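Structure at a glance
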Amino acid sequence: MTVTGIDFVALQVRDLEKAAGFYETRLGLKRAPGPPHAVVFATEPIAFAVREPLPGVQLPQRPGTGVALWLKADDAQRLHDELQEAGVPDREW
């Protein structure tokens, strides 16, 4: 058996609703059905979610350190400009 690619991506976050709100409000993602400890978004072709940390996991001071997550957008430059104009710090996206 061979792995053929990524099927699902989930980021562990400190504040589930705040993180989900960012992806909904700032990036326009829509929620999809999911478990109570996570917010799953209707992204294609790969499902994406933010979730509460797994039991026993202590998130580092700066969660996401060492992670590169590239999201596809119809107009990436426009999205970048809108985030900057809204005063969203680079480290939050």
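For the structure, check the block above.
Now for a quick tour of the structure. (Residues numbered from 1 in each chain as written. Predicted model: local features only at pLDDT ≥ 70, side-chain atom pairs only at ≥ 80, totals over all residues. Heavy atoms only, no water.)

Digging into the overall build of the chain
What counts here: For helices the rule is a DSSP run of H or I covering at least 4 residues; for strands it is a run of E covering at least 2, with both sets numbered from the N terminus onward. Relative accessible area decides the class of each residue, using a 1.4 Å probe on protein chains only: under 20% of the type maximum gives buried, over 50% gives exposed, and in between gives partly exposed. Residues are treated as being in contact if the distance between any of their heavy atoms lies within 4.5 Å. All accessibility values rest on the Shrake-Rupley procedure with a 1.4 Å probe; residue burial counts only the protein chains present in the view.
Scanning the chain from N- to C-terminus turns up 2 helices and 4 strands. With the C-alpha coordinates of the chain rotated into their principal frame, the extents come out at 40 × 30 × 25 Å. In the chain, which comprises 93 residues, the proportion classed as buried is 20%. Here the contacts in the chain between residues at least 6 apart in sequence split such that 53% fall between residues at least 24 apart. Element-wise, carbon and sulfur atoms account for 53% of the exposed surface of the chain, whose accessible area totals about 7,400 Å².

A look at the pattern of salt bridges
Heads up, the condition is: What makes a salt bridge here is a side-chain nitrogen of Lys or Arg within 4 Å of a carboxyl oxygen of Asp or Glu, nothing more.
Summed over the entire model, instances satisfying the criterion amount to 3 salt bridges. As a salt-bridge pair, R31 and E17 come within 2.8 Å of each other at their nearest N and O atoms. With R31 in strand β2 (residues 31-32) and E17 in helix α1 (residues 16-25), the pair connects residues that are 14 residues apart, well separated along the chain. A salt bridge links R31 to E24, with the nearest nitrogen and oxygen atoms 2.8 Å apart.

Comments concerning unusual backbone geometry
Put simply, E44 and P45 share a cis peptide bond, and its omega is 5°. When you line up the elements, P45 lands in the loop between β3 (38-41) and β4 (47-51).

Section: the packing of aromatic side chains
Working definition: an aromatic ring pair is given by the centre-to-centre distance plus the angle between the planes. For clarity, the threshold we go by: The aromatic pairing rule takes the rings of Phe, Tyr and Trp, using the six-membered ring of Trp, and pairs them if the centres are within 6.5 Å, calling planes under 30 degrees apart stacked, those over 60 edge-to-face and the rest tilted.
This structure, assessed with the given rule, holds 4 aromatic pairs. Each ring, one from F22 and one from Y23, has its centre 5.2 Å from the other, and the planes form 85°; the classification is edge-to-face. No difference in accessibility class separates F22 from Y23, as the two residues are buried. The interplanar angle of 20° and the centroid separation of 5.9 Å between the aromatic rings of F41 and F48 together place this pair among those described as stacked. Judged on exposure class, the residue F41 and its partner F48 are both buried. A network of ring pairs unites the aromatic residues F22, Y23, F41 and F48 as a single cluster.

Points about the sheet that holds strand β1 (residues 8-12)
Put simply, the test is: One bridge is not enough; two strands pair if DSSP finds at least two bridges between them. Axis definition: a line fitted to C-alpha atoms, limited for helices to the stretch in contact. Angles are taken between N-to-C directions and run from 0 to 180 degrees.
Across the sheet, which stays open at both edges, the 4 strands sit in the order β1-β4-β3-β2 with mixed pairing between neighbours. The outermost strands of the open sheet, each flanked by one partner alone, are β1 and β2. Of the strand pairs in this sheet, β3 and β4 are connected by 4 bridges, and their pairing is antiparallel. Looking at the pairing, V39 lines up with V50 of β4. Packing against the sheet, α1 makes contact with β1, β2, β3 and β4, and its axis sits at approximately 15° to β3.

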